[in-house]
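Overview (structure and organization)
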Amino acid sequence: MTGLIILLVAWSGFWEKFRERRLVSGSAGCFEWEAKQMERRDKIYIAGHTGMVGSALYRKLQEQGYTNFVLRTHRELDLTNQQAVEDFFCEEQPQYVFLAAARVGGIAANMAEPAEFLMENLQMECNVIGSAYRHRVKKLMFLGSSCIYPKDAPQPLKEEYLMTGLLEPTNEGYAVAKIAGLKLCEYYRRQYGADFISVMPCNLYGYYDNFDPEKSHIVPGLIRRFHEAKVQKQKSVTVWGTGRAYRELLFADEMADACVYLMQNYSGGEFVNIGYGRDYTVMEIAKTVGRVVGYEGKILTDPDKPEGMYRKIVDSGKLRSLGWSPRYTLEEGLRMTYAWYVSNCL
Ligand code: NDP
């Protein structure tokens, strides 16, 4: 009897070691990360579901019939706290993860606090991606940003231009963190066969965007100013810069649609750009916002004010070849965003 028990203990120890070796030496074909289709009942964790991107992902997944979500607000779970993140994964065991939580900000915030932008984003990525690996999450999507590309890279920005030059200094800390996140996903895939993918979206706008006049990006900033100009019957609205710089903009709900599509249809080792496919001058964007808001005054420019990079458009050829394209025009996306602003922010 004692001999049998010793044999059983020895066997279970051997099996554990064998299993561990299979996990750490895994390849794309190893059984833990065998490519699986995300089922409607699978447990999905959206990190950052209260933000613009995370909330768009939540809506899109619900719209497509997914029902089993595990969600935590920033207050309930601080993703920079490694132990808390590990405890959460241990308790909830999510099967699919969208990592859309990040410390996000405009130029001023990025320039003032590069240490926090680098540190907090690195911490969130290491904690979530590390726990997702340890708890055998079936698939994870990491949300990066087009600021990962070198500032002087040719346009449109192709995926292969990553790390071919110096980054834009104003948001270098943030960009370095995003590069680390996509590399972490790439290395976990290459080394352990984990099905972790990354996407790099262009500039986004939509519901739950930041309409604060001090901190807003181009679209929410213009919507607010044109709306106020309409209400106050102002004769003109002045746009910063020459109005000739170009911006590529994608409605966040469309971006979420692309993310869900890729989660269902893509398991490659390379990250994928998500863009609208064409860009507009700032003046064209301002005129479209003016039309959507119903502002009838003049639109002026102020060339003495900064207007940022002249052009930043991602090459979405890879995404198109995978079978996804946007459905809404810029004007349609802006109409939906303005309607949301009027109903929720006034
Ligand atoms: P938001 O600021 O709208 O949302 C960020 C989310 O992350 C919020 O839910 C926020 O919660 C949460 N969060 C921040 N810090 C923590 C933390 N320490 N612990 C837990 N949760 C935290 O940003 P977006 O939705 O715009 O961006 C999301 C992702 O999409 C980012 O990775 C960004 O790089 C990417 N992206 C965004 C673009 C854009 O134009 N907005 C363009 C390209 C990429 P709370 O608000 O309570 O702090």
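Here the structure is shown first, and the text comes after it.
Nothing here was measured: the structure is a model prediction, and the numbers come from that model. (Residues numbered from 1 in each chain as written. Predicted model: local features only at pLDDT ≥ 70, side-chain atom pairs only at ≥ 80, totals over all residues.)

1. Remarks on the overall build of the protein chain
Broken down by element type, the protein chain carries 11 helices and 12 strands. Classification of the 346 residues of the protein chain by burial places 41% in the buried group. Restricting to contacts in the protein chain with at least 6 residues of sequence separation, those with at least 24 account for 82%. (Helix = DSSP H or I, 4+ residues; strand = E, 2+ residues; numbered from the N terminus. Buried ≥ 20, exposed ≤ 12 C-beta atoms within 10 Å, placed from the backbone. Contact = placed C-beta atoms within 7 Å.)

2. A short note on the nonpolar core
One finds Leu 99 and Cys 259 to be the most contacted residues of the largest nonpolar core, which totals 88 residues. Ignoring any residue separated from it by four or fewer positions in sequence, one finds Cys 259 in contact with Leu 57, Phe 98, Met 141 and Val 199. (Core = buried A, V, L, I, M, F, W, Y, C linked by C-beta atoms within 7 Å.)

3. Points about helix α8 (residues 252-265)
If you check α8, its first and last C-alpha atoms are 20 Å apart, about what 14 residues at 1.5 Å a residue would give, namely 20 Å. Where α8 is concerned, the buried positions are Ala 252, Asp 253, Glu 254, Met 255, Ala 256, Asp 257, Ala 258, Cys 259, Val 260, Leu 262 and Met 263. (Expected span 1.5 Å × (residues − 1).)

4. Describing unusual backbone geometry
A cis geometry characterises the amide bond from Gln 155 onward to Pro 156, with omega recorded as -5°. Topologically, Pro 156 is positioned in the loop between β4 (139-143) and α6 (172-192). In this structure, Gln 93 takes a positive phi of about 45° despite not being glycine. Relative to the helices and strands, Gln 93 is located in the loop between α3 (82-92) and β3 (96-99). With phi around 55°, Arg 136 is a residue other than glycine that occupies positive phi space. Among the secondary structure elements, Arg 136 is positioned in the loop between α5 (114-134) and β4.

5. What about the environment of Ala 245?
Along the chain, Ala 245 turns up in the loop between β7 (236-240) and β8 (246-247). Ala 245 gets classed as buried once you count the C-beta atoms within 10 Å, which come to 20. For the pair Ala 245 and Met 309, spaced 64 residues apart in sequence, the C-alpha to C-alpha distance is 7.3 Å.

6. With respect to the environment of Val 293
Topologically, Val 293 is positioned in helix α9 (residues 282-293). Separated by 65 residues in the primary sequence, Val 293 and Glu 228 have C-alpha atoms spaced 9.8 Å apart. Apart from the residues lying within four places of it in its own chain, the contact partners of Val 293 are Ile 223, Phe 226, His 227, Lys 230 and Tyr 338.

7. Examining the site of the ligand
In the region of the ligand, 23 residues are neighbours, and Gly 48, Gly 51, Val 53, His 74 and Ala 102 sit closest. At the level of secondary structure, the elements contributing two or more residues to the shell around the ligand comprise α2 (52-63), α5 and β6 (203-205). Counting residues per element, the shell around the ligand draws most heavily on α2, at 3 residues. (Near = placed C-beta within 6 Å.)

8. A look at the pairing of strand β1 (residues 44-47)
Neither face of β1 is left uncovered, since the one carrying Ile 44 and Ile 46 and the one carrying Tyr 45 and Ala 47 both have all their residues buried. As a crossover connection, the stretch from β1 through α2 into strand β2 (residues 69-70) is right-handed. Direction of pairing for β1 relative to β3: parallel, over a ladder of 4 bridges. By the bridge assignment for β3, Ile 44 is matched with Tyr 96. (Right-handed = clockwise from strand over helix to strand, strands pointing away. Pairing = 2+ DSSP bridges.)

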